Amino acid sequence: MASCHQSDETKQPMAFDSIKWKESDGPDFPNRIWMLKDLMDHHDLHGVTKDSLLRDLGEPTRADKDYLFYQVKQERIGSFPLHTITLVIKLGPDSLVQKVMVHK
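Residues numbered from 1 in each chain as written. Predicted model: local features only at pLDDT ≥ 70, side-chain atom pairs only at ≥ 80, totals over all residues. Heavy atoms only, no water.

**Brief notes about the nonpolar core**
Ranked by size, the top nonpolar core spans 17 residues in total, and within it Trp 21, Leu 53, Leu 57, Tyr 70, Leu 87 and Ile 89 carry the most contacts. Of all the secondary-structure elements, those providing two or more residues to this core are helix H2 (32-42), helix H3 (50-57), strand E2 (67-77), strand E3 (80-91) and strand E4 (97-103). A per-element tally of this core places E3 first, with four residues. (Core = buried A, V, L, I, M, F, W, Y, C linked by side-chain atoms within 4.5 Å. Buried < 20%, exposed > 50% of the residue type's maximum accessible area, 1.4 Å probe, protein only. Helix = DSSP H or I, 4+ residues; strand = E, 2+ residues; numbered from the N terminus.)

Written as structure tokens, this is what we have:
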């Protein structure tokens with residue numbers, strides 16, 4: 001069966017696009033890994049409001065106190081996660097982005 005998604009071998013890095021960032025395929029986000037470098041290199045998130053961040057990145061995969069977690073890519077065997085890349089954003093007490101990290 002033909003797939004409408006490019007394989008990992010032929011896919012190229014992409015410019016950050018809010019709509020494509022939010023696209024999901026079940027529990028996966030097929031475009032995020034290809035946009036992560038552009039997002040980190042060319043979009044300064046420091047000082048951005050939480051509302052603006054949620055508008056651009058969508059709802060986080062997980063949130064914990066002042067941290068927002070966006071799953072970028074997850075490799076699994078069946079349903080068991082082997083390796084996850086996550087964009088981690090720390091909000092300050094004023095709900096502005098204080099720190100942006102990538103956890104691999």
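**Examining a nonpolar patch on the surface**
A contiguous nonpolar patch, built from Ile 77, Phe 80 and Leu 82 and spanning about 350 Å² of accessible area, is present on the exposed surface. Examined against the element boundaries, Ile 77 turns out to sit in strand E2. (Patch = residues over 30% accessible without salt bridge, like charges linked within 9 Å, V, L, I, M, F, W, Y side chains within 5 Å. Areas by Shrake-Rupley, 256 points an atom, 1.4 Å probe, with all protein chains shown as cover. Salt bridge = Lys/Arg side-chain N within 4 Å of Asp/Glu carboxyl O.)

**Some words on the environment of Tyr 70**
Structurally, the position occupied by Tyr 70 is in strand E2. The exposure class of Tyr 70 is buried, given its relative accessible area of 0%. For the pair Tyr 70 and Ile 89, spaced 19 residues apart in the sequence, the C-alpha separation amounts to 8.3 Å.

**Considerations on H2**
Taken residue by residue, H2 has Arg 32, Trp 34, Met 35, Leu 36, Asp 38 and Leu 39 as its buried positions. Where H2 is buried, its residues contact helix H1 (18-22), H3, E2, E3 and E4. (Contact = heavy atoms within 4.5 Å.)

**Observations concerning the pattern of salt bridges**
One pass over the structure, following the stated rule, counts three salt bridges. Arg 76 is the salt-bridge partner of Asp 28, the closest N and O atoms lying 2.7 Å from each other. In this pair, Asp 28 is assigned in the loop between H1 and H2 and Arg 76 in strand E2, connecting sequence segments 48 residues apart. A residue is classified by how much of its surface remains accessible, and Asp 28, at 25% relative accessible area, is partly exposed.

**Points about the side chain of Thr 86**
Within the secondary structure, Thr 86 sits in strand E3. Residue Thr 86 is classed as buried on the basis of its relative accessible area, which comes to 13%. Non-local contacts of Thr 86, meaning those with residues more than four positions away in its chain, are made with Phe 69, Tyr 70, Gln 71, Val 72, Met 101, Val 102 and His 103.

**Let's talk about the sheet that holds E4**
On the basis of which strands lie adjacent, the open sheet formed by four strands has the order E1-E2-E3-E4 and antiparallel pairing. Each edge of the sheet is formed by a strand with only one pairing partner; in this case those strands are strand E1 (62-64) and E4. With strand direction ignored, the average angle separating the axes of adjacent strands in the sheet is 25°. (Pairing = 2+ DSSP bridges. Axes fitted to C-alpha atoms, helices over the stretch in contact; angles between N-to-C directions.)

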